[in-house]
Amino acid sequence: MIVAGILILGGLIFLSGTALIAFYWAARDGQFRDLKKGSEVIFDEDEPIGRPTDHFPVKPQA
Amino acid sequence: MTTLAASLNPGLNERTLEKIERSAIDDSARLPVLLFFGTAIFWLVIGSLLALVAAFKMNLPGLMDGEAWLTFGRVRPAHLNTVVYGWASAAGIGVGLWLMARLCRVAMMHTSLLIVAAIFWNLGVFVGTLGILAGDSRSIEWLEFPGYSTPILFIAYAFIGIWGVIMFRFRKPGHVYVSQWYLLAAFLWFPWLYATVNILLIWQPILGSAQGAVNWWFAHNVLGLWFTPIGLASAYYMIPKVIGRPIHSYYLSILGFWSLALFYSWNGMHHLIGGPFPAWMISASVVASIMMFVPVITVAINHHMTMKGQFEGLKWSPTLRFTVFGAMSYTIVSFQGSMMAIPTLNQITHFTHYTIGHSHLGLYAFFTMMMFGAMYYIVPRLVGWEWPSASLIRWHFWLAAIGILIMVGALTLGGIIQGLALYDPAVNFMNSMHFASPWLWIRSFSGILLTAAHVIFAVHFVMMLLHVGAKKAEPTLFARPIPEEETLTA
Amino acid sequence: MNRLPLLFLGIFLTFASAWAGLVAYPYLTLGRLLPVTNEETGELSPPPISGLAEAGQTVYAANGCLYCHSQQVRPAYLSTDIAKGLGPRRTVARDYIRSRPAFLGTMRTGPDLTNVGLRYSAEWQHRHLYEPGEVSKGSIMPAFRYLYVMQKIQGAPSADALKDLTGPHAPKPGYEVVPTEDAKALVAYLLSLKRDYPLPESPEESLE
């Protein structure tokens, strides 16, 4: 019972504490700007937009 | 961009460097990810066989009924836990780690520890499954593994989760892709979920019906905050990457992430509508379940708009085929889940096979298909070999797709009929069972299709590891880099 | 551009809200309920259960009874449970304070067991567990014969031997079937399932 109680209370303090600290840090660091525009990071010059990257295996050319 | 390769050989161009970097990351991921995949597929086959035993026991109650370790009440949780922890979690971990490494553009470090973690994870599943069959099941749904196996799983997981977070911490600068959000969240949520229930339900059990609340908070969140984010992370990477077109709206994908995080974690209590709890807890869950329309619609719109005009890709890409099947199932299963939380409908579907159909729609048609799709993409890049047979992939897909559609259809219809019988005070209880019976036969039949699909996939995976098939003169699409050639042609 | 802290914030906050509502709150309230004492008779509600019945809960869990049998009666405004005779009233949190674990269950492939102790005798339960199809025609419940021992009758038949067994697994002449400790515990537990005592939070429900 005591272990569970510590878990509950400690968990709440830990969760909200982490959240508060992180929030303060994030606000100061300017984390709330520039949330858009990230959809293209998975492409690069080697595998550019417009190039499919998967296919059923094809029979080897004889 | 400066990499090791660039400093060694300044003459290489950007494109080649990217290729080398990517293949170095894939190389670093090879052993741990393949180990997770291989063991996952093993447990998938074992879990399917256990499912068949359990399913046929419902049709033929006399089947092997003298054996304690094969009684329905042990085989069913053994099935659930092998597929949830042995298959789905391990597959998700493999996909998650690989995606994380690739998106953070960092190689996995100290992979030997990850390999140890994979071994421990499987040891935990093995010990736990034997424990259930031997009669140590705790009958706490989704947490049947006995207390002596869950710590093994937890310790193994700790390493895995820490690795995921570490990779994120050391990522290359640039935008954080939406898949990374999902993965990071999943890696952080799971240990919290698992630790909480282990302490509150196994080590220091809390009392009374509060257990039910904690139990379903956990069971539903394993699906919603562990499997779903990994599945969606995979879809958000695979769909754009395979067809070569960025996701339709990045803004929508982020909105979808936050609304999922907010609403899903409140959903669990809709499994206990009418149960012994204060009304507000149930109401909160019902409201949150209905609010799930928001993240689901954003994801559905986003994937559909990305795929628009590209559906031909389903013909040529195995990954896309499985992933799109999974993504569509996600929309359907989530809508169905929201509807089931409405108390009027819940009165009928609660306590019936309908719920089982819903679970399979979620865990199989959505998540498992998503994992198959990701594996078809990842494994060739890890082993440097193409899938030996296109027809085996096709067999796998059609058996799995048709099998799961039949299964969900049968359980849904059978469940509604059973539910109406259970609801009507004039109908004798025994009839509710008899009405459902033919549908359960169909369910068992569909289980055979799924098991066949899994065996085919397992065989194909082993062929892949053994490099069966001819080396292709013209590599299809994922050619591993040969820098010399590359610099000549570039 | 490092977005890690923002991510952490959101991930923890959203998760913490549900955790507080669905884990911490029930732990602090439902998990601390105590039995009520009837002021006239001095009896406890829910009444204490025997040690044997408590051991039966482990057998119930080990053999997965929960996967087909629920133990909850929903209120009349949410179901026909009461009309179907599953119990005189809905079940409330206090009904489960002696359950370890609380076998609420989410399936009714078999009948609800909230009040099964009111419906059947120990003798019936043993015969039913041994060979369900013989006692309840058409049942698809698996047999739990492994909880029983068939043995040769030594001298006088055992007092707890099962009577009136029929079907293919009935004992041959000169043999008898006796329950193991597990079977006795399980049946003691099933007999203890009687949610018919009065509770302050529930009477109005039963009148609906």
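Going along each chain's sequence as written, the residues are numbered from 1 onward. As a convention, the first chain written is A and the first ligand written is 1, with the rest following in written order. Note on the predicted model: pLDDT of at least 70 is required for a residue's local features to be given, and 80 or more for side-chain atom pairs to be given and counted; whole-chain, interface and lining totals, by contrast, use all residues.

**Considering the overall build of chain A**
Thought 1: Under the DSSP-based scheme used, a helix requires at least four consecutive residues in state H or I and a strand at least two consecutive residues in state E, with every element numbered from the N terminus. Per the secondary structure count, chain A includes 1 helix and 0 strands.
Thought 2: To assign burial, the other C-beta atoms lying within 10 Å of each residue's own C-beta are counted, with C-beta atoms placed from the backbone; 20 or more indicates buried, 12 or fewer indicates exposed, and intermediate counts indicate partly exposed. Looking at chain A as a whole, 19% of its 62 residues qualify as buried.

**Describing helix H7 (residues 210-243) of chain B**
Residue and element names in this part refer to chain B.
Thought 1: Given a helix with a known number of residues, its expected span is that number minus one, times 1.5 Å. With 34 residues, H7 should reach 50 Å at 1.5 Å per residue; the first-to-last C-alpha distance of 48 Å fits that figure.
Thought 2: A large share of H7 lies buried, amounting to 34 of its 34 residues.
Thought 3: After H7 finishes, the residue Gly244 shows a positive phi value of roughly 70°.

**Comments concerning the nonpolar core**
Thought 1: Ranked by internal contacts, the top residues of the largest apolar core, which has 216 residues, are Ala186 and Val214 of chain B.
Thought 2: Element by element, the count of residues in this core is highest for H7 of chain B, at 22 residues. One nonpolar core equals one set of buried Ala, Val, Leu, Ile, Met, Phe, Trp, Tyr and Cys residues connected by C-beta atoms within 7 Å.

**Considering helix H6 (residues 178-203) of chain B**
Thought 1: Between its first and last C-alpha, H6 of chain B extends 37 Å over 26 residues, near the 38 Å set by a 1.5 Å rise per residue.
Thought 2: Where burial is concerned, most of H6 of chain B is hidden: 19 out of the 26 residues are buried.

**A word on the confidence of the model for chain C**
Predicted coordinates in regions of low pLDDT should not be interpreted in detail.
Residue and element names in this part refer to chain C.
Thought 1: The pLDDT averaged across chain C works out to 85; a share of 90% of its residues lies at or above 70.
Thought 2: pLDDT expresses, on a scale from 0 to 100, how confident the predictor is about each individual residue. Helix H5 (residues 181-192) holds the highest mean pLDDT among the elements of chain C, 96, whereas helix H6 (residues 203-206) holds the lowest, 48.
Thought 3: Note on residues 204-208: pLDDT under 50 across the span, and 7 contacts to partners over four residues away in sequence or across chains.
Thought 4: Quick note on the complex model: pTM equals 0.89, ipTM equals 0.89. For every residue pair, C-beta atoms are placed from the backbone, and the pair is scored as a contact if these atoms sit within 7 Å.

**Description of the interface of chain B and chain C**
Thought 1: On the chain C side, the residues contacting the 68 residues of chain B number 56 residues.
Thought 2: For the side of chain B that touches chain C, the element with the most residues is H6 of chain B, which contributes 9 residues.

**Overview of the environment of Val242 of chain B**
Thought 1: Looking at the element boundaries, Val242 of chain B is found in helix H7.
Thought 2: Take Val242 of chain B: there are 26 C-beta atoms within 10 Å of it, and that puts it in the buried class.
Thought 3: In this view, Val242 of chain B contacts Pro52, Thr53 and Asp54 of chain A together with Gly313, Ser317, Thr319 and Leu320 of chain B; residues no more than four positions away in its chain are not counted.

**Concerning the packing of helix H15 (residues 390-423) of chain B against helix H16 (residues 429-465) of chain B**
Residues and elements named next belong to chain B.
Thought 1: Helix axes are fitted only over the stretch in contact, all axes being lines through C-alpha atoms; the angle between N-to-C directions runs from 0 to 180 degrees. In the contact formed by H15 and H16, the axes pass within 8 Å of each other and the chain directions differ by 165°. With respect to each other, H15 and H16 are oriented roughly antiparallel. Here H15 runs over H16; the crossing is left-handed.
Thought 2: Its residues assigned to classes, the contact of H15 with H16 comprises 25 nonpolar, 9 polar and 1 charged. Here roughly perpendicular refers to angles of 65 to 115 degrees, roughly parallel to angles under 35, roughly antiparallel to angles over 145, and oblique to all remaining angles. Each helix crossing is assigned a hand: it is left-handed if the near helix lies turned anticlockwise from the far helix by less than a right angle, otherwise right-handed if that turn is clockwise. Residue classes follow a fixed rule: Ala, Val, Leu, Ile, Met, Phe, Trp, Tyr, Cys and Pro count as nonpolar, while Asp, Glu, Lys and Arg count as charged, and any other residue, Gly among them, counts as polar.

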